[in-house]
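Chain and residue survey
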Amino acid sequence: MPYDFKSIEDKWRRRWRESDLYLTRVDPSKPKFYYLDMFPYPSGYLHMGHVRNYVIGDVIARYRVAKGYNVLHPMGWDAFGLPAENAAIKHGIHPQKWTFDCIANIRRQFDLLGISFDWSREIATCTPDYYKWTQWFFVQLFKHDLAYRKKAPVNWCPSCQTVLANEQVKGGRCERCDTPVIKKDLEQWFFRITAYAERLLQDLELLTEWPERVKIMQRNWIGKSEGLEAEFPIKGKDISITIFTTRPDTIYGATFIVLAPEHPLTLELVKGTPLEQEVREFVEKVKLRSEIDRTAMERKKEGIFLNCYALNPFTKEDIPIWTADYVLYEYATGAIMAVPAHDERDLEFARQYGLPIRIVIQPPDNALKEEELQTAYTEPGIQVNSGIFNGMWSEDAKEAIIRYAEDQGIGKRKVYYKLRDWCISRQRYWGAPIPMLYCPKCGVVPVPEDQLPVLLPEDVDFQPTGPSPLARHHSFPFTTCPYCGSEARRETDTMDTFVDSSWYFLRFTSPKEDKAPFDKQAVEYWMPVDQYVGGIEHAVLHLLYSRFFTKFLYDIGLVSFPEPFLRLFTQGMITLGGSAMSKSRGNVVTPEEICEKFGADTARVYTLFIGPPDQDAEWSERGVEGVFRFLNRVYRIFEENFSLYDPNWRVKIEGMSDKEKRRITHSTIKKVTQDIERFHFNTAIASLMEFTSSIYDWLQEANKDEKWRVCFSEALEMLVRLLAPFAPFMGEELWEKLGNKDSIYLQQWPSWREELLQTETITLPVQVNGKVRGTITVPAEASDEEIKEEVLRQERLRQYLEGKEIKKMIIVPKRLVSVVVDN
């Protein structure tokens, strides 16, 4: 009978569904394992580029169940946010209908692929029973002074008509629509993530099973800088400019001050002067540029002298005050001391505007001159032109200058972080309403917890026009203050969708809980997540925000762990035509296409066999066909040779077995097991292919006696059990053919016997020009090439061979090796 994958897969989908096979089971005698895929945005459908992530998870979940764990393997939907809303606008339907239609479609695709999710724990962040608790978390953050509102320059996408967090701006453009992002001053809600900057940085050391590149990305994003904060008094005024520098060793070389255009002093210093209009226009022009553009090394810098001077408190010199586009207000104090000799951007600016350059650090083996300086000298060296610090090594001078500044009262040690507070306000409809009220008597107050959720109305014109669509609703903005009874207004912005995804992993532990965001006992049992899998693009977005949320919940006593995810794996992309699969590019392959032509098992096995899962891989139709042929071979082995299977092989095998056949079987068990543990799925599948070829070779043997049959039977059973996590439909079908009634999903994972892995060895004497000079030990079946390699590898034989030409090496099978060399 041919491999009829369609009827086989339909049969087992139905059986799994009817038996609730994948419900989470909790046996107190077993250890727990919480496996989590990053849940998807339901704004379309899955293509094969997405499928890789979920198949990886399914293999691990099935493997852990077989290894005796209580496994939590849930799935839900990151359903709020711009992706769904923009798609709904494009298709002219309500975001809610679009979202739930997409959910139904993607869930059907998951079932098509046989993914073992526990659907009884399904969540969607856009449902009131979920976002009630998202709003509740907002209120807790507000009560702990970690949610606040302020007017601030924010990233504005003119196309999406909403604010973007810094992390959502890629190369100065909106990560969603690729429109250039501008700066705009708006009243916004922020989460004070900066209060956790140091802990977010330090606790990366706890994450020993995270990819190092993800931790590096988070370290860089947090951007800790340690240095000196100093006051530069403005000449003729009773105010100072506060600067921050990580290079206090260069402070004697500061020849001018630069204010960020957005710095309050920039306009204040020119107010009422002939420069005011010019500076004001410059400030507005710079605000329209992205940070990437402003700080690009290759771009020509622009600035204006403000016709003011400040006193360098170290040199006692008056130095000019400028404003320039390459200084950012968001970082540190928004003002820098410019040291052209030792900073490349300052040097470019100084040359452009004819500003002085002073060398204060000389390399140890050379003497630089200002007029000959080609590039800024940024390496350590010897202090010069630095007053009492002359002659010091610059690295030592950093600390000495900070101590001197503190002793003299002209500066202090300071730590700054590049990390900015998280702007969570969005001027869009499809999001969780921010649960805050504006009362003329009580001020800005939270909605009482017993009045949550603040429901998102459905009858809204959600076309983006600038202000939030909720502000235009006929009734949503208007309410009564619950504290004093006065007329009040609701906040009409909605929350960034990353707020929703910052705690969803906790909700999965008890998704039906209605008295709290989660059941504490369930969270304490299942958390932290043992294995988290998703894309590298979330390294400084979702992953950082989730860590922040968890630390806040830890601080207020809701959880007992400081980190949410013990292990992290970031999968590579599947490309087609050299680019990541994308509907907009038209280079996608859908699961439906592959399942219709080759079956779900082929789709699953190929996405893992295509290459190492942490690396990008190019889709190949020929590769899919190759995997399909492999699964057909496996099926034929069972279909054509079932009569040779002995169900009682276990009780017979110890007394009558072929050592080499058992070695191959147990070696395969070991390799596949270890490869799954290491996420080396492609090599695990390669081992199963080799094992299948070995079984085919055995079938060509003429003597199929009882000893042969018991070894064949063991191999047959091990093949299907090892293959089952990768190809579960075939696994169930073949397991049933072997006479088993319970699902293979519930069977214990095979174990190998180490003593069966040992190969027979022989010791061969090695002659060099007729004299025995040593011996080698090799497997009894070693090839001539393997024997030659072992001879050349032996240290004790090398002295007789080095520097000499080997004329020939004669191997007498299982007796000796004779090497002839040129003396």
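Per chain, residues are indexed from 1 in the order of the written sequence. Thresholds applied to this predicted model are a pLDDT of at least 70 for local features of residues and 80 or more for the giving and counting of side-chain atom pairs; totals over whole chains, interfaces and linings are not thresholded and use all residues. Side-chain figures throughout are based on the complete set of non-hydrogen atoms in the structure, without hydrogens or water.

**Structural notes on the overall build of the protein chain**
Only DSSP runs of H or I with at least four residues qualify as helices, and only runs of E with at least two residues qualify as strands; both kinds are numbered from the N terminus onward. When you go through the protein chain residue by residue, the secondary structure sums to 26 helices and 32 strands. Here the C-alpha coordinates of the protein chain stretch approximately 105 × 85 × 50 Å along the principal axes. Only protein chains enter the accessibility calculation, which uses a 1.4 Å probe; a residue whose area is less than 20% of its type maximum is buried, one above 50% is exposed, and one in between is partly exposed. Looking at the protein chain as a whole, 56% of its 823 residues are labelled buried. Only heavy atoms enter the contact rule, under which two residues are in contact if any of them lie within 4.5 Å. Long-range pairs, those at least 24 residues apart, make up 72% of the contacts in the protein chain with a sequence separation of at least 6.

**Overview of the packing of aromatic side chains**
A pair of aromatic rings is counted whenever rings of Phe, Tyr or Trp (Trp by its six-membered ring) have centres within 6.5 Å, and the orientation is called stacked for planes under 30 degrees apart, edge-to-face for over 60 and tilted otherwise. In total, this model carries 59 aromatic pairs according to the counting rule given. Summarising the aromatic geometry, the rings of Phe 137 and Trp 503 are spaced 4.9 Å apart at their centres and angled 65° between planes, so their arrangement reads as edge-to-face. Taken together, the residues span a long stretch of sequence, with Phe 137 in helix α5 (residues 128-143) and Trp 503 in the loop between α13 (497-500) and α14 (504-507) at a distance of 366 residues. Taking the relative accessible area as the measure of exposure, Phe 137 reaches 1% and is therefore buried. Only Lys NZ and Arg CZ are tested; either one counts as a charge over a ring when it is within 6 Å of the ring centre and within 35 degrees of the ring normal. It is Lys 704 that lies over the ring of Trp 708; its NZ or CZ is 5.6 Å from the centre.

**Let's talk about the side chain of Lys 287**
For Lys 287, the position within the fold is in helix α9 (residues 276-287). Beyond its immediate stretch of four places on either side in the chain, Lys 287 contacts Ile 182, Lys 183, Asp 185 and Glu 262.

**What to know about the pairing of strand β3 (residues 147-157)**
Where β3 and strand β7 (residues 182-191) come together, 10 bridges link them in antiparallel fashion. Across the sheet, the residue bridging to Asn 155 is Lys 183, located in β7. Here β3 runs beside strand β4 (residues 162-164); their pairing, made up of three bridges, is antiparallel. Bridging across to β4, Asn 155 finds its partner in Leu 164. Between any two strands, pairing holds if DSSP finds at least two bridges. Hairpin geometry of β3 and β4 is characterised by an intervening segment of four residues between the two adjacent antiparallel strands and by a positive phi of about 55° at Gln 161.

**A closer look at the domain arrangement of the protein chain**
For the protein chain, the domain assignment lists domain 1 (134-192 + 421-498), domain 2 (224-417), domain 3 (640-757) and domain 4 (761-821). Centre-to-centre, using C-alpha coordinates, domain 1 lies 58 Å away from domain 3. Throughout the structure description, domain borders are defined by an automatic or database domain assignment.

**Section: the nonpolar core**
What we call a nonpolar core is a set of buried Ala, Val, Leu, Ile, Met, Phe, Trp, Tyr and Cys residues that are connected through their side-chain atoms within 4.5 Å. In this structure, Phe 110, Phe 191, Trp 422, Tyr 504 and Phe 726 are the most contacted members of the largest nonpolar core, which totals 183 residues. Composition of this core by domain shows at least three residues from each of domain 1 (134-192 + 421-498) and domain 3 (640-757). Residue contacts for Phe 191: discarding those within four places in its chain leaves Phe 138, Leu 141, Leu 146, Ala 147, Asp 421, Trp 422, Ile 424, Val 499, Phe 548 and Phe 549.

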